[in-house]
Amino acid sequence: MVVQLACSNGETQNISGVTNLIEEHRAALTLVERLGKRFMEAEETEAALLGPNLDVVMAEEAAARRQAAIAPVADLREIKIKAAYFKRLMGQGWGELDHDDLYALLSSFANVPA
């Protein structure tokens, strides 16, 4: 899913590295949800085959989430984008956010250039 940002005046903005990482995480999260649903509905033999694949996909989602959390932000706009995304992620139950991810997220906000 391509993320297209627009200002309140309707002009589009360039997509930054932070939004690309968020897009990658959303794609990984969608894959986890899809495979997890299939795993839950599968019979025993199919579930045995899907289990290792689900583990790999979940690890890739966690890595994408960590990358999005630790990504440096360049300005206030990127801080708002990251904060809003992780707020939705935590509030909607779309994924687990461990304390290391939260620490990395908050640390990335502290290093904003003036």
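Within each chain, residues carry numbers counting from 1 in the order of the written sequence. With the structure being a predicted model, the display of local features is reserved for residues of pLDDT at least 70 and the display and counting of side-chain atom pairs for 80 or more, all residues being used for whole-chain, interface and lining totals. To get the side-chain values, all heavy atoms of the structure are used, and hydrogens and water are removed first.

Caption draft 1: Representation of the packing of helix H2 (residues 44–70) against helix H3 (residues 76–91) within the structure. The geometry of H2 relative to H3 is characterised by a closest axis approach of 10 Å and an angle of 145° between their N-to-C directions. For the crossing formed where H2 meets H3, the hand is left-handed. When H2 is examined against H3, the residues Arg65, Ala68, Ala69 and Ile70 are found in contact with a partner set consisting of Lys82, Phe86 and Leu89. Polarity classes work like this: nonpolar for Ala, Val, Leu, Ile, Met, Phe, Trp, Tyr, Cys and Pro, charged for Asp, Glu, Lys and Arg, and polar for all others, with Gly in that last group. By residue class, the composition of the contact of H2 with H3 is five nonpolar, no polar and two charged. The angle between two axes is taken between their N-to-C directions and runs from 0 to 180 degrees, where each axis is a line fitted to C-alpha atoms and a helix contributes only its stretch in contact. Here a helix means four or more residues in a row that DSSP labels H or I, a strand means two or more in a row labelled E, and each is numbered from the N terminus. The hand of a helix crossing depends on one turn: near helix anticlockwise from the far one by less than a right angle means left-handed, and clockwise means right-handed. By the convention used here, residues are in contact when the closest approach between their heavy atoms is within 4.5 Å.

Caption draft 2: Molecular detail of the nonpolar core. If you look at the biggest cluster of nonpolar residues, it comprises 16 residues, and the most contacted ones within it are Val18, Ile22, Ala69, Tyr85, Phe86, Leu89 and Leu105. Counting only elements with at least two residues in this core, the list comes to helix H1 (17–41), H2, H3 and helix H4 (99–110). Top element by residues in this core is H3. It accounts for five residues. Setting aside residues up to four positions removed in sequence, Ala69 forms contacts with Lys82, Phe86, Asp101, Ala104, Leu105 and Ser108. Only buried residues count toward a nonpolar core, which is a set of Ala, Val, Leu, Ile, Met, Phe, Trp, Tyr and Cys residues joined through side-chain atoms within 4.5 Å. Summary of the burial criterion: residues with accessible area below 20% of their type's maximum are buried, those above 50% are exposed, and those between are partly exposed, where the area comes from a 1.4 Å probe applied to protein chains only. Val32, Leu35, Leu50 and Leu54 belong to the second largest nonpolar core, which has seven residues in total.

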